[in-house]
Number of protein chains: 2
Amino acid sequence: MEEQSIQMNLCSTRKEKPDSDQLEFGKIFTDHMFIMDYSDEKGWHDARITPYEPLRLDPSAMIFHYGQSVFEGLKAYLTSEGKVQLFRPEKNMQRLNRSNNRLCIPPIDEEFALQAIKQLVAVEKDWIPRAEGTSLYIRPFIISTEPYLGVAPSSHYQFIVILSPVGAYYKEGINPVKIAVENQYVRAVLGGTGEAKTGGNYASSLKAQEMVADQGFAQVLWLDGVEKKYIEEVGSMNVFFKINGEVVTPALNGSILEGVTRNSVIKLLKHWNVPIVERKISMEELAKANKDGTLEEAFGAGTAAVISPIGQLTWNDEDFVINHGKTGKIAKRLYDTLTGIQYGKESDPFDWIVEVEEVEQLVR
Amino acid sequence: MEEQSIQMNLCSTRKEKPDSDQLEFGKIFTDHMFIMDYSDEKGWHDARITPYEPLRLDPSAMIFHYGQSVFEGLKAYLTSEGKVQLFRPEKNMQRLNRSNNRLCIPPIDEEFALQAIKQLVAVEKDWIPRAEGTSLYIRPFIISTEPYLGVAPSSHYQFIVILSPVGAYYKEGINPVKIAVENQYVRAVLGGTGEAKTGGNYASSLKAQEMVADQGFAQVLWLDGVEKKYIEEVGSMNVFFKINGEVVTPALNGSILEGVTRNSVIKLLKHWNVPIVERKISMEELAKANKDGTLEEAFGAGTAAVISPIGQLTWNDEDFVINHGKTGKIAKRLYDTLTGIQYGKESDPFDWIVEVEEVEQLVR
Ligand SMILES: Cc1ncc(COP(=O)(O)O)c(C=O)c1O
Ligand SMILES: Cc1ncc(COP(=O)(O)O)c(C=O)c1O
């Protein structure tokens, strides 16, 4: 890939910024976006930061028909000292390229893409909300744009980054949720696209979610697609259990998405000398641990919530109430530490933070 | 759903029509398209036939992120008497609604959608190519358009129909292909979306196809996602084998797409008193039949090719040459009969043809 520069085309007027306390997730977008085009002839080219505006795509553009797309999700955090921080963004760029590979999308230059994200965030720095727990959500995504109805990899793509100021996930402090174990629908299977962050995985997950939402469940716990026996993920998070003093998370098996938060949780637990093991874990094992009182904690881990404690797990007609329905100690400590690092309140022993520096200089 | 009318907004100038002999698949589109909007408040509304032009969608439109989409594919055929014929289009509308259900997309009014397709085809009648084996491909599709980054069913959709004049699938007569049995990647699994015609299924299939294309294979044969033992489909077609005088096709099991062509093949074979059975069929059984000389024919069945004979099947390092690599008798008879019915050259014993009638009257 050649050296590229980013063309800047900034708006003359800016939109009004929303109130930091009123923010929801993913409904408001900033003034600008980053776009870069791909064609088989030119490779990735024409990188630019331009006003946020509708995309114009031919009705036959492949994205509308054959779902060839990938995306990422990360956040920019404002520290009390006014620094802008990203959390392990290089991991998102690596995963984007792994997703690209699975979906037959040409790889991006990870360093350049990260540079583009930094530059866009720098341009939109004033959009980063200040209230406790808020952040600027960053959504890089790639869509197939060739106007062609053949089932084949597209010859044209767009890599786009949009930004959305988002509210605190927990308005009233970290809070456990009720989860239903999903026995019918499957998120992913070995040989499928579970390891990739591609639209189809999320489209196919909606039905299960819809089925349990009425019954007061926040999300479903996904089992493996082959035997419907082993635990994979919870909603769109990775999942952890503390059983008899040891933390267990499903091993990466080809159908589980490798979360950045998951990786960070594992690293922190090791750092703290808390036993942590990645292995297969079945619902039967969990039921047994619940029965004999050794199921001590359960929680999801992902960028949006950071840590999401599970207070109750329902499997068929059995309810497992976990840690009396309260947030567990490990979950709380992980949440405090991870958010502490992200917002610059805690030291960063693993050099996870990437600062968006020298804002003025980047802009032009 | 309320009675709706279709607003007509026709172009004043028309594009030049391509040469009937030079047509490829899905690269050229006609002058107009049909669009209808959905919102949670209004339901499906604002049905219109308008000039074919780019769609304008917010970069956060859900289709770009979470792949919530469905589509259909059928054709309009011109008979030698100048009649315009559709082949079992009500089946496509029924399947579209089954796909909608799986993808949490609100159902369409099947009769109204079919009426819209007829009207659009009537408007674009002059685009139906005349050369042998050509047709006007019809692509209805639904995309999620809400500008929102949450993983949830969209509150807004567009149902769109576009038309593309397509060349003959077989330029030099029906012709067998080489197929590789896919042991690593999986198209669909029970509990997933294999029964639905949704973009994600096709995105996830690209990789396997790419891996074998170099080696001269036209497509892959998909095995079931659970045991990787049982045959499901071939490329994006259903598959049939003739073993020892009996035709066998994989039974619909929840992960196989229910093809209109598949259903028509089964009906015709029964009509002809050719033994046909829908059941599980394993690669091992097929290998055995190949070895003992009872594997007499193999072919795919789908709208694009109608019937696609399989001349060679490669499983691991074993090549099964089927019917000496030639088109089998059953495949040929099915192909001739189905295309004969579609182009109005043969009688239509099952009333499969729906004529696009009274063109003038429909237009206004
Ligand atoms: C299916 C799925 N699993 C896990 C995760 C957690 O990944 P991360 O920690 O990188 O946000 C996500 C969200 O990004 C996801 O969509
Ligand atoms: C996966 C898949 N299977 C089977 C078929 C055949 O279906 P039909 O005969 O309705 O075209 C298609 C194509 O439409 C398909 O995409």
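As annotated in an unreviewed UniProt entry, chain A is Branched-chain-amino-acid aminotransferase from Lentibacillus populi. The UniProt entry for chain A carries the following comment under Cofactor (unreviewed entry): "pyridoxal 5'-phosphate". Taken verbatim from the UniProt record of chain A, the Sequence similarities (unreviewed entry) comment is "Belongs to the class-IV pyridoxal-phosphate-dependent aminotransferase family."

Q: Describe the site of ligand 1, listing the residues and the values that go with them.
A: All names here are of chain A. Not every one of the 15 residues close to ligand 1 is listed here, only the nearest: Tyr202, Glu233, Val260, Thr261 and Thr303. A distance of 2.9 Å separates an oxygen atom of ligand 1 from a polar side-chain atom of arginine 95. Here lysine 197 contributes a side-chain N or O atom positioned 2.8 Å from an oxygen atom of ligand 1. Of the residues belonging to the shell around ligand 1, the class tally is five nonpolar, six polar and four charged.

Q: Report on the UniProt feature "modified residue: N6-(pyridoxal phosphate)lysine" (unreviewed entry) in chain A, specifying residues and quantitative values.
A: The positions UniProt marks with the feature "modified residue: N6-(pyridoxal phosphate)lysine" (unreviewed entry) are Lys197(A). Within the secondary structure, Lys197(A) sits in the loop between strand 10 (177-181) and helix 4 (199-213).

Q: Please give an account of the pattern of salt bridges that cites residues and values.
A: Evaluation of the coordinates by the stated rule reveals 24 salt bridges over all chains. The partner of Lys345(A) in a salt bridge is Glu132(A), and the shortest N-O contact between them spans 3.5 Å. In this pair, Lys345(A) sits in the loop between helix 7 (329-342) and strand 19 (353-355) while Glu132(A) sits in the loop between helix 3 (110-123) and strand 8 (135-144), placing the two residues 213 residues apart along the sequence. The burial state of Lys345(A) is the same as that of Glu132(A); both residues are exposed. Note that Lys242(B) is salt-bridged to Glu296(B), the shortest N-O span being 3.2 Å. Of this pair, Lys242(B) sits in strand 13 (residues 238-243) while Glu296(B) sits in strand 16 (residues 295-302); the two residues are 54 residues apart in sequence, bridging distant segments of the chain. According to the relative accessible area criterion, Glu296(B) is partly exposed, its value standing at 25%. The structure contains a network of salt bridges with shared partners spanning Asp37(A), Asp46(A) and Arg48(A).

Q: Outline the interface of chain B and chain A, supporting the account with residue identities and numerical values.
A: Taken together, the contacts link 58 residues of chain B with 58 residues of chain A. Summed over both partners, the interface of chain B with chain A comes to about 5000 Å²; 65% of that surface belongs to carbon and sulfur atoms. Looking only at chain B, the three residues that lose the most surface to chain A are Pro59(B), Phe64(B) and Leu206(B), adding up to 13% of its buried area. Where chain B packs against chain A, one counts zero salt bridges. Secondary-structure elements contributing two or more residues to the side of chain B that touches chain A are strand 4 (55-57), helix 1 (63-66), strand 5 (69-71), helix 2 (89-102), strand 8 (135-144) and helix 4 (199-213) of chain B. With nine residues, the single largest contributor to the side of chain B that touches chain A is helix 4 of chain B.

Q: Before we move on, could you go through the relation of the copies chain B and chain A and cite the residues and values that matter?
A: Taken as rigid bodies, chain B and chain A are interconverted by a rotation of 180 degrees and an axial shift of 0.0 Å, the fit giving an RMSD of 0.0 Å. The two molecules are tied by a two-fold rotation axis, judged by turn and shift. When the interface residues of chain B are mapped onto chain A, 100% of them again fall at the interface, so both copies present the same face.

Q: Which residues make up the domain arrangement of chain A, and what values go with them?
A: Residue and element names in this part refer to chain A. Annotation of chain A at the domain level lists domain 1 (7-169 + 352-362) and domain 2 (177-326). For domain 1 versus domain 2, the separation of C-alpha centres amounts to 28 Å. Contacts between domain 1 and domain 2 engage 19 residues on the former and 19 residues on the latter. Here domain 1 packs against domain 2, burying approximately 1700 Å² in sum over the two surfaces, 58% of which is carbon and sulfur. The largest contributions to the domain 1 side of the interface with domain 2 come from Phe71, Arg95 and Tyr169, which together make up 32% of the buried area. Here arginine 98 ties to glutamate 258 by a salt bridge, and the two come within 3.5 Å at their closest N and O atoms. Summed over the shared surface of domain 1 and domain 2, the result is ten residue pairs in polar contact (both at pLDDT 80 or more). Secondary structure elements with two or more residues in the side of domain 1 that touches domain 2: strand 5 (69-71), strand 6 (74-78) and helix 2 (89-102). Residues belonging to the side of domain 1 that touches domain 2 are distributed by class as follows: seven nonpolar, five polar and seven charged.

Q: An account of the site of ligand 2 is requested, with residue identities and associated values reported.
A: Residues and elements named next belong to chain B. Neighbouring ligand 2 are 15 residues, the closest being Tyr202, Glu233, Val260, Thr261 and Thr303. A distance of 2.9 Å separates an oxygen atom of ligand 2 from a polar side-chain atom of arginine 95. Burial of ligand 2 by the protein chains amounts to 95% of its free accessible area of 380 Å².

Q: Kindly report on a nonpolar patch on the surface, identifying the contributing residues and their values.
A: Together, Leu190(A), Val226(A) and Val226(B) line one region of the surface with nonpolar side chains, adding up to about 200 Å² of accessible area. Here Leu190(A) is to be found in the loop between strand 10 and helix 4.

Q: Before we move on, can you summarise the pairing of strand 11 (residues 219-223) of chain B with the specific residues and values?
A: Residue and element names in this part refer to chain B. Counting buried positions along strand 11 gives four out of five residues, so the element sits mostly inside the fold. Two elements, strand 10 (residues 177-181) and strand 11, share three bridges in a ladder whose sense is parallel. Each residue of the ladder has a partner; that of isoleucine 179, found in strand 11, is glutamine 219. Sheet topology places strand 11 next to strand 12 (residues 231-234); three bridges connect them, and they run antiparallel. The partner of tryptophan 222 across the bridge, within strand 12, is glutamate 233.

Q: Explain the side chain of Thr314(B) to me, and be specific about the residues and the numbers.
A: All names here are of chain B. When you line up the elements, threonine 314 lands in strand 17 (residues 306-315). What makes threonine 314 buried here is its relative accessible area of 10%. When neighbours within four sequence positions are excluded, threonine 314 is seen to be in contact with Ile179, Ala180, Val181, Phe217 and Asp319.

Q: So, the nonpolar core: which residues are in play, and what are the values?
A: Ranked by size, the top nonpolar core spans 51 residues in total, and within it Leu221(A), Phe241(A), Leu286(A), Ile307(A) and Leu313(A) carry the most contacts. Residues lining this core come from more than one domain, with at least three contributed by each of domain 1 (7-169 + 352-362) and domain 2 (177-326) of chain A. Look past the residues within four positions of Leu221(A) in its chain and what remains in contact with it is Ile179(A), Ala180(A), Val181(A), Glu182(A), Ile231(A), Glu233(A), Val234(A), Val239(A), Phe241(A), Met283(A) and Leu313(A). Of all hydrophobic cores here, the second largest spans 50 residues; its members include Val260(B), Trp272(B), Val306(B) and Leu313(B).

Q: Any chance you could break down the packing of helix 5 (residues 260-271) of chain B against helix 7 (residues 329-342) of chain B for me, citing the residues and the numbers?
A: In a pair of packed helices, the angle between the axes and the distance between the axes together describe the arrangement. Residue and element names in this part refer to chain B. One can describe the packing of helix 5 onto helix 7 by two numbers: an axis separation of 11 Å at closest approach and a directional angle of 110 degrees. It follows from the interaxial angle that helix 5 and helix 7 lie roughly perpendicular. Between helix 5, through Thr261, Ser264, Val265, Leu268 and Leu269, and helix 7, the contact on the second element is made entirely by Ile330, Leu334, Thr337 and Leu338. A breakdown of the residues in the contact of helix 5 with helix 7 according to their chemical character gives six nonpolar, three polar and no charged.

Q: Go over the pairing of strand 18 (residues 318-321) of chain B with me, naming the residues and quoting the values.
A: Residues and elements named next belong to chain B. Relative to strand 18, strand 17 runs antiparallel, the two being bridged by four bridges. Counterpart to threonine 314 in the pairing with strand 18 is aspartate 319. Following strand 17, the chain reverses through two residues before pairing antiparallel with strand 18; asparagine 316 in that reversal takes a positive phi of roughly 50 degrees.

What counts and what doesn't
- Residues numbered from 1 in each chain as written.
- Chains lettered and ligands numbered in written order.
- Predicted model: local features only at pLDDT ≥ 70, side-chain atom pairs only at ≥ 80, totals over all residues.
- Heavy atoms only, no water.
- UniProt positions renumbered as here; feature names shortened; annotations may be inferred.
- Near = heavy atom within 4 Å.
- Polar contact = N/O pair within 3.5 Å; in protein donor to acceptor, adjacent residues only side chain to side chain.
- Nonpolar A, V, L, I, M, F, W, Y, C, P; charged D, E, K, R; others polar.
- Helix = DSSP H or I, 4+ residues; strand = E, 2+ residues; numbered from the N terminus.
- Salt bridge = Lys/Arg side-chain N within 4 Å of Asp/Glu carboxyl O.
- Buried < 20%, exposed > 50% of the residue type's maximum accessible area, 1.4 Å probe, protein only.
- Contact = heavy atoms within 4.5 Å.
- Buried area = accessible area lost by both parts, 1.4 Å probe.
- Least-squares fit on C-alpha atoms with pLDDT ≥ 70 in both.
- Domains from an automatic or database assignment.
- Areas by Shrake-Rupley, 256 points an atom, 1.4 Å probe, with all protein chains shown as cover.
- Patch = residues over 30% accessible without salt bridge, like charges linked within 9 Å, V, L, I, M, F, W, Y side chains within 5 Å.
- Pairing = 2+ DSSP bridges.
- Core = buried A, V, L, I, M, F, W, Y, C linked by side-chain atoms within 4.5 Å.
- Axes fitted to C-alpha atoms, helices over the stretch in contact; angles between N-to-C directions.
- Parallel < 35°, antiparallel > 145°, perpendicular 65-115°, else oblique.

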